[in-house]
Amino acid sequence: MRDDEFLAHVRDHGQYEDQKEARTVTEAVLTVLAARVTADEAGDVAAQLPPPLDEPLRTGAGGERFDLDEFYRRVDGIVGPRSRTAEWDATAVLSTLPQAISPGAVRHLVTQLPDDFAPLFNRQAA
C-alpha cells in the first residue's frame, strides 16, 4: 500500500477534512504505538509501511508499559485540541494497519498490547 492510499483510508475511516489532517493523526498514533511496543516490533511494522509513514515507528526505544487511556492521552497531547477524540483518531489509524501490513505482523503487534487495544484494529471510527 502506498503512503497516499494509507492516508486516504485513514481520512475516510476518520472522516477527516483532508490528507494533511489524516497524516497528522497517523503520525501521532504511530509515534505513541512505537513507544508502547518493543523497538523490534515497531521496526517490523515499519518495514511494511511506505515511507514516510514508517518514520514514527523507527524513532523511539519502545517497550513502555501504559494502558489504553494513557495511549489516548499521549495521542491527544501530540495532536492537540480538536473536535475529534483520541479514541476516534486511534481507531482510524489502527483499523487501517491490517490493510497495509501482513496478518502475522498484526497478530504480533496485538499480542504486545493489552487486550482492550485489539478492537481498535478491527473497527471503523465511531
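Shown above is the structure to which this text applies.
Note that this is a predicted model, so its numbers are computed, not measured. (Residues numbered from 1 in each chain as written. Predicted model: local features only at pLDDT ≥ 70, side-chain atom pairs only at ≥ 80, totals over all residues. Heavy atoms only, no water.)

Student: Hey, could you run me through helix 5 (residues 86-94) in this one?
Tutor: Because the α-helix completes a turn every 3.6 residues, residues three or four places apart line up on one side. Counting buried positions along helix 5 yields eight of nine residues, so the element is predominantly enclosed. For helix 5, the set of buried residues is Ala86, Trp88, Asp89, Ala90, Thr91, Ala92, Val93 and Leu94. (Buried < 20%, exposed > 50% of the residue type's maximum accessible area, 1.4 Å probe, protein only. Helix = DSSP H or I, 4+ residues; strand = E, 2+ residues; numbered from the N terminus.)

Student: For this particular structure, what's the right way to read helix 4 (residues 68-79)?
Tutor: The end-to-end C-alpha distance of helix 4, which contains twelve residues, comes to 16 Å, matching closely the 16 Å that a straight helix rising 1.5 Å per residue would cover. All buried positions along helix 4 are accounted for by Leu68, Phe71, Tyr72, Val75 and Val79. Viewed end-on, helix 4 has its buried residues packed into an arc of 95°, placing them on one side of the element. Exposed side chains of helix 4 directed beyond 90 degrees from the buried face belong to Arg73 and Gly77. Where helix 4 is buried, its residues touch helix 2 (19-36) and helix 5. Capping the start of helix 4, Asp67 holds a side-chain oxygen 3.3 Å from the backbone nitrogen of Asp69, two or three residues further along. Gly80 occupies a position one or two residues after helix 4 and carries a positive phi of about 90°. (Expected span 1.5 Å × (residues − 1). Arc of directions from axis to C-beta. Contact = heavy atoms within 4.5 Å. Polar contact = N/O pair within 3.5 Å; in protein donor to acceptor, adjacent residues only side chain to side chain.)

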